[in-house]
Amino acid sequence: MAFNSVIFGQLAALTAAFCWALATLMYSKSSHHLSSAQLNMVKGLLASPLLFIGMWLFVDVSNLAWQSTPLLLLLLSGVIGITIGDTCYFSALRRLGPAHTILLEYLAPPLAAVIAWLALSEQLTWWEIVAAVVVITGVLLVLTERQPIAGVQINRAGLLFGVTAALCQAVGLVMAFYAFQNFSINPLQAAMLRLSAGTLVLTLALLIIRPKMLAQTWLAVQKTNKGVLLTAIILGTFLAIWLQQIAVAYVTPGIAQTLLSTAPLFMLSLNVVRGNRVSFRALLGTLVAMAGISLLFLR
């Protein structure tokens, strides 16, 4: 593998992490007028066609696999990870703020390792157990601090939504992992299928529960800064996914995942730029959690 290609992949991973941190900040601003479910639906309705166009332009569609088993796995993982998981993520975002919410995503990889051990009989080594403990320790260092990050206090409902979002993401990751390991699936194809399925199920569910939801969502979008919302969707749900696939293509999965997990560090930096105080404990906890992710993937 050429040196320049490795650098390119590493830069892609870091840029994806920065895009996700910036998008989370923007989604937080857009959550004032849109409910968590509405924000998730709008995100999916706009990003799914973008991923489809990207797949059509940059992937040889004729060579894509469309077997029923991986297709069902990816669609179901989209319902769990996108319909439920992303809605919970946005619910946590409204209650905890972007810094705490994005930090809770660190729980997804160790949870995925445990789920894979329970459901797929994947080996769970002592190294992975230690890594998971390190991740949880780092997260707890931040969450148990009395000094709030960016002026946002911790509350139980927000924590519940954040942990549920991480759990749903972990379940979705394990299902997608199984599809990748046992079938020939293109990563961009998988991302498009998962997002489209999650968005479709969420939209249908909202229409059944509240038939006037689409009209209410349209009115809410009019009150939202549409430029901020559209930028968040392009950065976080389209460009970040694209860059993630580039990173995985050019560097090892462990290094790619570690670099992608720098998003909370970028979030802390953005808070400093915005003039918010970030304590040493918040920085230390984030670094400890990231170290745990590194141990998990670089073993």
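Residues numbered from 1 in each chain as written. Predicted model: local features only at pLDDT ≥ 70, side-chain atom pairs only at ≥ 80, totals over all residues. Heavy atoms only, no water.

Our next topic: the overall build of the protein chain. Across its full length, the protein chain holds 12 helices and 0 strands. When its helices and strands are written in sequence order, the protein chain yields α-α-α-α-α-α-α-α-α-α-α-α. Taking 299 residues into account, the globule formula puts the C-alpha radius of gyration at 19 Å, and the protein chain, at 19 Å, falls close to it. Along the three orthogonal principal directions, the C-alpha set of the protein chain runs to about 50 × 50 × 40 Å. (Helix = DSSP H or I, 4+ residues; strand = E, 2+ residues; numbered from the N terminus. Rg over C-alpha atoms; globule rule 2.2 N^0.38 Å.)

A few words now on the confidence of the model for the protein chain. Caution applies to low-pLDDT regions: their predicted coordinates should not be interpreted in detail. Averaged over the protein chain, the pLDDT score is 85; the fraction of residues at 70 or greater is 94%. The weakest mean pLDDT in the protein chain belongs to helix H10 (residues 253–260) at 72; the strongest belongs to helix H3 (residues 68–104) at 91. (pLDDT = per-residue confidence, 0-100.)

On to the packing of helix H11 (residues 263–273) against helix H12 (residues 280–297), then. At a minimum axis separation of 9 Å, H11 and H12 run at an interaxial angle of 165°. Taken together, H11 and H12 sit at an angle that is classed as roughly antiparallel. Read as a crossing pair, H11 and H12 show a hand that is left-handed. Contact residues: Pro-264, Leu-265 and Leu-268 in H11; Ala-282, Leu-283, Thr-286, Leu-287 and Met-290 in H12. Split by residue class, the contact of H11 with H12 holds 7 nonpolar, 1 polar and no charged. (Axes fitted to C-alpha atoms, helices over the stretch in contact; angles between N-to-C directions. Parallel < 35°, antiparallel > 145°, perpendicular 65-115°, else oblique. Left-handed = near helix turned anticlockwise from the far one by under 90°. Contact = heavy atoms within 4.5 Å. Nonpolar A, V, L, I, M, F, W, Y, C, P; charged D, E, K, R; others polar.)

What follows covers helix H4 (residues 108–119). Relative to the 16 Å expected for 12 residues at 1.5 Å per residue, H4 spans 16 Å between its end C-alpha atoms, a close match to the ideal helical length. Along H4, the residues that are buried comprise Ala-108, Pro-109, Pro-110, Ala-112, Ala-113, Ile-115 and Ala-116. (Expected span 1.5 Å × (residues − 1). Buried < 20%, exposed > 50% of the residue type's maximum accessible area, 1.4 Å probe, protein only.)

Time to look at the side chain of Glu-128. Looking at the element boundaries, Glu-128 is found in helix H5 (residues 126–143). You can call Glu-128 buried: its relative accessible area is 8%. There is a polar contact of 2.9 Å between the side chain of Glu-128 and the backbone nitrogen of Thr-125. (Polar contact = N/O pair within 3.5 Å; in protein donor to acceptor, adjacent residues only side chain to side chain.)

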